Amino acid sequence: MTSVSTFTYQQIARAIEHLTATYREQPSLSELAEKVNLSEFHFQRLFTEWAGVSPKKFSQYLTLEHAKTRLRNGALLTDAAYDAGLSGTGRLHDLFVNIEGITPGQFKQGGSGLVLTYGIFTSPFGRYLLGTINGKIALLHFVNEDNVIETILPTAWPEASFQHDPITLQPLADQIFSPPAVGLAERTGSKPVLSVLMRGSAFQLKVWEALLKIPEGNLASYDQIANAIGQPTASRAVGTAIGSNPVGYLIPCHRVIKKTGLFGGYRWGAERKQAMLGWEAARTDQ
């Protein structure tokens, strides 16, 4: 079997961009394959390897109707979680992600001498910069060819010193993008908790913690998040906090969309957001 690693994320992104723009016309397999310069057979096989479903099925996850359905389902699920005090059995993603939050004031008191260990790794959604402090994930930033690592690091953690050590981080990186979803009990027993260190205002930390309550494969709107944290008029501020999330994917800001069902923008690119949502939908729609 041809390794899916040969099917680069750039090719995935081009296919998704075309699917998003033309899903009403239901583009043919040959049309999509041509967009990424592959034969129909090769494209179908590699796309299915990557997504777990065919390009045709994947395109269904990108429709407005599907997004609205997921949004309604997500509202019910997140309401249940928040009714349980943000710690109910409806949680899924945060069984594996634990946030340790610190405010700027707390960080200022004890932030000197911190070392951020970092490396560049590959994922189903392209290359990313992973950084840890004291073993906790402090940065997950998707990178493109024009990103300058030396500017990303000090922007995220200006007080820290930096140590490039991808070999040490490789075992942690291997845990982040898990294989296709299976039963909750199986996942709970096989996947360790990932600790994430987040620095932000009390409001930001509250928003980022709220994102963990959106189960994989479901969506929430900015208004729903604002309501869930008890600040229903703060949807714009919620959007700003989500846009400043420094830990991509694990803190799932990609699962927040507009209440109209439109996916909206994403810090690391709209196509990447669509890729994540379709990929997660395919993993949970079994």
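Here the structure is a predicted model, which means the values were calculated and not measured. (Residues numbered from 1 in each chain as written. Predicted model: local features only at pLDDT ≥ 70, side-chain atom pairs only at ≥ 80, totals over all residues. Heavy atoms only, no water.)

**Description of the side chain of histidine 254**
Part 1 of the reasoning: Tracing the chain through its elements places histidine 254 in the loop between α12 (235–243) and β8 (256–257).
Part 2 of the reasoning: Assessed through its relative accessible area of 0%, histidine 254 is described here as buried.
Part 3 of the reasoning: A polar atom in the side chain of histidine 254 sits 3.1 Å from the side chain of glutamate 280.
Part 4 of the reasoning: Once residues within four sequence positions are removed from consideration, histidine 254 is found in contact with Tyr249, Tyr266, Lys273, Met276, Leu277 and Glu280. (Helix = DSSP H or I, 4+ residues; strand = E, 2+ residues; numbered from the N terminus. Buried < 20%, exposed > 50% of the residue type's maximum accessible area, 1.4 Å probe, protein only. Polar contact = N/O pair within 3.5 Å; in protein donor to acceptor, adjacent residues only side chain to side chain. Contact = heavy atoms within 4.5 Å.)

**Some words on the pattern of salt bridges**
Side chains carrying opposite charge are able to pair once their charged atoms draw close together.
Part 1 of the reasoning: Taken as a whole, this structure holds five salt bridges when the rule is applied.
Part 2 of the reasoning: Note that glutamate 100 is salt-bridged to lysine 136, the shortest N-O span being 3.5 Å. Residue glutamate 100 is located in strand β1 (residues 97–102), and its partner lysine 136 is located in strand β4 (residues 136–142); the two are separated by 36 residues in the primary sequence.
Part 3 of the reasoning: Residue glutamate 100 is classed as partly exposed on the basis of its relative accessible area of 36%.
Part 4 of the reasoning: Note that glutamate 159 and arginine 199 form a salt bridge whose closest N and O atoms lie 2.8 Å from each other. Placement of glutamate 159 in the loop between α7 (149–156) and β5 (161–164) and of arginine 199 in strand β6 (residues 194–199) is noted, with a sequence separation of 40 residues between them.
Part 5 of the reasoning: Take glutamate 159: its relative accessible area is 42%, and that puts it in the partly exposed class. (Salt bridge = Lys/Arg side-chain N within 4 Å of Asp/Glu carboxyl O.)

**Here's the deal with the packing of aromatic side chains**
Part 1 of the reasoning: Following the criterion strictly, the structure yields 14 aromatic pairs and no others.
Part 2 of the reasoning: Summarising the aromatic geometry, the rings of tryptophan 50 and phenylalanine 125 are spaced 6.3 Å apart at their centres and angled 85° between planes, so their arrangement reads as edge-to-face. In this pair, tryptophan 50 sits in helix α3 (residues 40–51) while phenylalanine 125 sits in the loop between β2 (115–123) and β3 (126–133), placing the two residues 75 residues apart along the sequence.
Part 3 of the reasoning: Looking at tryptophan 50, the relative accessible area reads 9%, which means it is buried.
Part 4 of the reasoning: A relative accessible area of 0% means that phenylalanine 125 is categorised as buried.
Part 5 of the reasoning: On the basis of an interplanar angle of 70° and a centroid distance of 5.8 Å, the ring pair of phenylalanine 142 and tryptophan 268 is categorised as edge-to-face. Residue phenylalanine 142 is located in strand β4, and its partner tryptophan 268 is located in the loop between β8 and α13 (270–284); the two are separated by 126 residues in the primary sequence. (Phe/Tyr/Trp six-rings, centres within 6.5 Å; stacked < 30°, edge-to-face > 60°.)

**Quick word on unusual backbone geometry**
Part 1 of the reasoning: Notably, asparagine 37 is not glycine yet its phi reads approximately 60°, a positive angle.
Part 2 of the reasoning: Residue placement: asparagine 37 occurs in the loop between α2 (29–35) and α3.
Part 3 of the reasoning: Classification of asparagine 37 as exposed rests on a relative accessible area of 66%.

**Brief notes about the confidence of the model for the chain**
Part 1 of the reasoning: For the chain, the average pLDDT comes to 82, and 81% of its residues sit at 70 or higher.
Part 2 of the reasoning: Here residues 84–95 is a poorly scored stretch, pLDDT under 50, and it has 22 contacts once near neighbours within four places are set aside; other chains count. (pLDDT = per-residue confidence, 0-100.)

**What to know about the layout of surface pockets**
Part 1 of the reasoning: By volume, the second largest pocket is sized at about 290 Å³.
Part 2 of the reasoning: The wall of the second largest pocket is formed by 15 residues, among which Gln26, Pro27, Pro55, Lys56 and Ser59 lie closest to the centre.
Part 3 of the reasoning: Looking at the lining of the second largest pocket, the elements that each hand over two or more residues are α2 and α4 (55–60).
Part 4 of the reasoning: Within the lining of the second largest pocket, the residues separate by chemical class into six nonpolar, seven polar and two charged. (1 Å grid on protein atoms, 1.4 Å probe; cavity = no way out; pocket = protein on both sides within 12 Å on 5 of 7 lines; lining within 4 Å. Points joined across faces, edges and corners; volume = space filled by probe spheres on them. Nonpolar A, V, L, I, M, F, W, Y, C, P; charged D, E, K, R; others polar.)

**Brief notes about the environment of leucine 32**
Part 1 of the reasoning: Among the secondary structure elements, leucine 32 is positioned in helix α2.
Part 2 of the reasoning: Once residues within four sequence positions are removed from consideration, leucine 32 is found in contact with Ala15, His18, Leu19, Pro27, Phe43 and Pro55.

**Things to note about helix α8 (residues 166–176)**
Given 3.6 residues per turn, any residue in an α-helix points the same way as the ones three and four places further on.
Part 1 of the reasoning: Three or more residues of α8 are buried, namely Leu169, Leu172, Ala173 and Ile176. Angular distribution of buried residues about the axis of α8 spans 110°; they occupy a single face of the element. Of the exposed residues in α8, those oriented more than 90 degrees away from the buried face are Ile167 and Asp174.
Part 2 of the reasoning: Of the surrounding secondary structure, the elements contacted by the buried residues of α8 are β2, β3, β4 and β6. (Arc of directions from axis to C-beta.)

**Regarding the pairing of β2**
Part 1 of the reasoning: Relative to β5, β2 runs parallel, the two being bridged by four bridges. Among the inter-strand pairings, valine 115 is bridged to a residue of β5, identified as serine 161.
Part 2 of the reasoning: In the sheet, β2 pairs with β3 via eight bridges, with the strands oriented antiparallel. The residue bridging threonine 117 from the neighbouring strand is threonine 132, located in β3.
Part 3 of the reasoning: Counting the residues in the hairpin turn of β2 and β3 gives two residues. (Pairing = 2+ DSSP bridges.)

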